[in-house]
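The lines below spell out each chain.
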Amino acid sequence: MTVPPPTRPRIPRRELVVPTVAVAVAVVAPLLVAARLPDPVAIHWGFDGRPDGSGPLVLDVTLLAVATAVVSLLPLWSAARADGRAARLLVALAHGMAGLFILLRLRTLQANLDAADWTAAGALTTFDLLLVAAAVLPLGALGWWLGGRHPARVRARHTVAPVTLPTDGQLVWVGTQTWPAGGALALVLVVGGGLLSALRVAPGALTAGAVLVVAGLLVRLLTSITVAVGPSGLVVRFGPLGWPRVRVPLADVTAVEVEDVEPMAYGGWGYRAMPGVRAVVIRRGVGLRVRRSGRPDLVVTVDDAADAAGVLAAHRAAGRDGSEE
């Protein structure tokens, strides 16, 4: 008998309406009023609310359209692979960000409209921030409601039999995992931020470059992990320095399983916080899932996760047996 291939999760059409409108507004709205805009247009405003950076209209349209698509559509892609609770949060995020970028597009166009040049563009004020909240909150609530229709997605999980501990009970398992693509992304961010800061092609470039460098360093921390399982429990250390780290004392472990991990079900790669679970996702595939007493589950993707689960289960069983004596 031929087994049909598994169906790929799809984004429901009802969830695509608002994000698609947001992308369309980012592209079409500037073109409709292009004759009334200065060249170049103001594209950045300082803390005082006045414009302090400019760029060609085509650059402004491209950057904002891409950013709108990323922040409003990527969460929907993740939601299609997530379980019910996580999907609801992701759909709400997508709609809220879509509302934010719609308002951002319209307000920046209004500020540039009929200005003699970009320096004469209007200011962005505290009132604009209130308008942002007014747009984000209702659309976020709409996304929360739409996301509630996602079914609970059951993923392949199974328990692992404890291994046999040596007589001294000091068996330790250590494994590492890296994310090469993340390392490349971190390098691009650091180099790009350094060049942007050095060249200072526009006002605010130094700040933007510094932000990119810091983001690159943070990404680098999340592209490699070392996982250690032993008599004291589980420890996950990030990056080449082993910091930050996540520790699960053995006394907090209530169950140990292995799970087939789909990164987008947790919102992507890196350290992810979702309802009822925290995940350290470095790759797709089998990972270790630790249920914790009074705290969200912890999911860690690491090679030979079943071996790690067997060692942790053995220490948990030994600790439980010892406490019952």
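Below: a short report on this structure. Remember, predicted model here, so these are calculated numbers, not experimental data.

It is worth spelling out the layout of surface pockets at this point. Taken as a whole, the second largest pocket holds about 460 Å³ of empty space. When contributions to the lining of the second largest pocket are tallied by element, the ones reaching two or more residues are helix 2 (57-79), helix 3 (84-112) and strand 9 (270-274). Sorting elements by how many residues they give to the lining of the second largest pocket places helix 2 first, with 5 residues.

Pairing is possible between side chains of opposite charge, provided their charged atoms come close. In total, this model carries 8 salt bridges according to the counting rule given. In this structure, Arg-36 and Asp-114 form a salt bridge, with 2.6 Å as the shortest nitrogen-oxygen distance. Separated by 78 residues along the polypeptide, Arg-36 in the loop between helix 1 (13-32) and strand 1 (41-45) and Asp-114 in the loop between helix 3 and helix 4 (126-147) bring together distant segments of the chain. A salt bridge links Arg-291 to Glu-257; the nearest nitrogen and oxygen atoms lie 3.2 Å apart. Placement of Arg-291 in strand 11 (residues 285-292) and of Glu-257 in strand 8 (residues 253-261) is noted, with a sequence separation of 34 residues between them. Using a relative accessible area of 25% as the deciding quantity, one classes Arg-291 as partly exposed.

Let us now look at unusual backbone geometry. Most of the time, phi is negative for any residue but glycine, and the peptide bond is trans. Between Asp-39 and the following residue, Pro-40, the backbone shows a cis peptide bond with an omega angle of 5 degrees. Of note, Pro-40 is situated in the loop between helix 1 and strand 1. Of the consecutive residues Trp-243 and Pro-244, the connecting peptide bond is found in the cis state with omega at 0 degrees. Topologically, Pro-244 is positioned in the loop between strand 6 (233-238) and strand 7 (245-249). If you check the backbone angles, Asp-114 has positive phi at about 65 degrees while not being a glycine. With a phi angle near 60 degrees, Asp-304 is a residue other than glycine that sits in the positive phi range. Mapped onto the secondary structure, Asp-304 falls in the loop between strand 12 (295-301) and helix 7 (305-324). A relative accessible area of 52% means that Asp-304 is categorised as exposed.

Next up on the list: the sheet that holds strand 4 (residues 173-178). Strand order in the open sheet made by the 4 strands is 4-5-6-7, with antiparallel pairing throughout. Each end of this open sheet is capped by a strand with a single partner; those strands are strand 4 and strand 7. For this sheet, the mean inter-axis angle between neighbouring strands, taken without regard to orientation, is 10 degrees. For strand 6 and strand 7, the ladder comprises 5 bridges, and the chain directions are antiparallel. The residue of strand 7 that forms the bridge with Val-236 is Val-246.

Before going further, it helps to examine the packing of aromatic side chains. Summed over all chains, the structure comprises 1 aromatic pair. Relative to Tyr-271, the ring of Phe-238 has its centre 6.4 Å away and its plane inclined at 80 degrees; by these criteria the two rings are edge-to-face. Of the two residues, Phe-238 is situated in strand 6 and Tyr-271 in strand 9; the sequence distance between them amounts to 33 residues. Since its relative accessible area comes to 3%, Phe-238 is described here as buried.

Rules used throughout
- Residues numbered from 1 in each chain as written.
- Predicted model: local features only at pLDDT ≥ 70, side-chain atom pairs only at ≥ 80, totals over all residues.
- Heavy atoms only, no water.
- 1 Å grid on protein atoms, 1.4 Å probe; cavity = no way out; pocket = protein on both sides within 12 Å on 5 of 7 lines; lining within 4 Å.
- Points joined across faces, edges and corners; volume = space filled by probe spheres on them.
- Helix = DSSP H or I, 4+ residues; strand = E, 2+ residues; numbered from the N terminus.
- Salt bridge = Lys/Arg side-chain N within 4 Å of Asp/Glu carboxyl O.
- Buried < 20%, exposed > 50% of the residue type's maximum accessible area, 1.4 Å probe, protein only.
- Pairing = 2+ DSSP bridges.
- Axes fitted to C-alpha atoms, helices over the stretch in contact; angles between N-to-C directions.
- Phe/Tyr/Trp six-rings, centres within 6.5 Å; stacked < 30°, edge-to-face > 60°.

Keep in mind that these numbers describe shape and distance, not what the molecule does.
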